[in-house]
Amino acid sequence: MNERTLRIGFYEVTVQNDPPVTFDEILQRFATTVPDDERRTLEPGDSPIRLQWVRLNQTTWAGELLRIRLHEDLTKARTNGRQERIEFGPDEGLGEETAFLFHPGTRTLVVHEQRGAVPVSAIPKYFKTFGEVRGVTITPRLKPEALERVARMTAIHAFEVQFGGIGTGTPLRDAGLSAGALLNVLDAFRAPKAWIRVEVPKPRGRHQDRGSLRNVVDAARGLLGLQRAEGLVEKLIVVGADPDGGLEESVINLLEDRLIELVPVQLNGDERIAEQHRHNAVRTAWNTHREAIERVYGAERRP
């Protein structure tokens, strides 16, 4: 038996459109009306992408995306050293599959991530195009336990965002942040790091409004949605009070606290990763974290 490990990533999907459209409505359109031929293929350069299939399984959607690697020179070789070029037609190439699962109740997309297959960054454009909507965005889900640390606080006093790798501030400008004075300071001192601290007003009652956790989620969502966020945003620090009234600081590392599951797959002999292995791994990852995701993120509002 051989063991392989598949990397499964978790993302939140948001659809921007007027009138509102949900992601499951876009998937339903594929399942019922979009022809299963070249008309569902998006052709970004030499790597066309298409949805091979999608179907609803009780409360979740399952599907498979395909990346077609056109115009690549590939060679097959024999043990005696003889080589021969593999010939493809003008619309042919190697296919790389990507399995996914989508849970409408929490707008969570679970994706098998592998090099050479459909990149996660290409998924929003594909469904924006065929869904005929104004925009589709996906942002990484954080580990539920990272947010539950904040949920245990009885009051939140401040949010602090730590930026790194800024240099003269160019990455911050590229990310689309409106930072005016902060950028001027960075330029003046050549500061490699920066912090932004937001003080939270004291609650009127005894306990913080439970919307505080939603504020943390929204702040993390916005930071993770920045362009080049992985090289820019390091941490979101939440300062609050613990149940005993003491001061507590909870650090959410927006990279290390991303929700990723590594699923082992057992293969027989020279067996290769097949469709069944990919989808079983995605389903296993979802089942592992489903209850925690539903508990922390809840049934989020449309779209």
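This report concerns the structure included in the present document.

Here is what the cut-offs are and how they apply
Residues numbered from 1 in each chain as written. Predicted model: local features only at pLDDT ≥ 70, side-chain atom pairs only at ≥ 80, totals over all residues. Heavy atoms only, no water. Helix = DSSP H or I, 4+ residues; strand = E, 2+ residues; numbered from the N terminus. Buried < 20%, exposed > 50% of the residue type's maximum accessible area, 1.4 Å probe, protein only. Contact = heavy atoms within 4.5 Å. Areas by Shrake-Rupley, 256 points an atom, 1.4 Å probe, with all protein chains shown as cover. 1 Å grid on protein atoms, 1.4 Å probe; cavity = no way out; pocket = protein on both sides within 12 Å on 5 of 7 lines; lining within 4 Å. Points joined across faces, edges and corners; volume = space filled by probe spheres on them. Nonpolar A, V, L, I, M, F, W, Y, C, P; charged D, E, K, R; others polar. Phe/Tyr/Trp six-rings, centres within 6.5 Å; stacked < 30°, edge-to-face > 60°. Lys NZ or Arg CZ within 6 Å of the ring centre and 35° of its normal.

If you tally the helices and strands in the protein, you get 7 helices and 14 strands. In the protein, which comprises 303 residues, the proportion classed as buried is 46%. Contacts in the protein between residues at least 24 apart in sequence constitute 70% of all its contacts with a sequence separation of at least 6. Of the roughly 16800 Å² of accessible surface on the protein, a fraction of 47% belongs to carbon and sulfur atoms.

With that settled, consider the layout of surface pockets. Space inside the second largest pocket adds up to approximately 380 Å³. Forming the walls of the second largest pocket are 14 residues, and the residues nearest its centre are R4, E96, Q114, R272 and I273. Elements with a contribution of two residues or more to the lining of the second largest pocket: β1 (2–16), β7 (93–103) and β8 (108–113). Grouping the constituent residues of the lining of the second largest pocket by class yields 3 nonpolar, 4 polar and 7 charged.

As a further point, take the packing of aromatic side chains. This model, assessed by the stated rule, comprises 8 aromatic pairs. Aromatic pair F30 and Y126: ring centres 5.9 Å apart, planes at 15 degrees, arrangement stacked. Here F30 is found in helix α1 (residues 23–32), whereas its partner Y126 is found in helix α2 (residues 123–131), with 96 residues between them in sequence. Each member of the pair, F30 as well as Y126, carries the same accessibility label: buried. With a centroid separation of 6.5 Å and an interplanar angle of 75 degrees, the aromatic rings of F100 and F127 are classed as edge-to-face. Highlighted residues: F100 in strand β7 and F127 in helix α2, separated in sequence by 27 residues. Grouping residues by exposure puts F100 and F127 together as buried. Each member of the aromatic cluster is reached from another via a ring pair, and the members are F23, F30, F100, F102, Y126, F127 and F130. Of note, R55 hangs over the ring of W53, and the distance from its end group to the ring centre comes to 4.0 Å.

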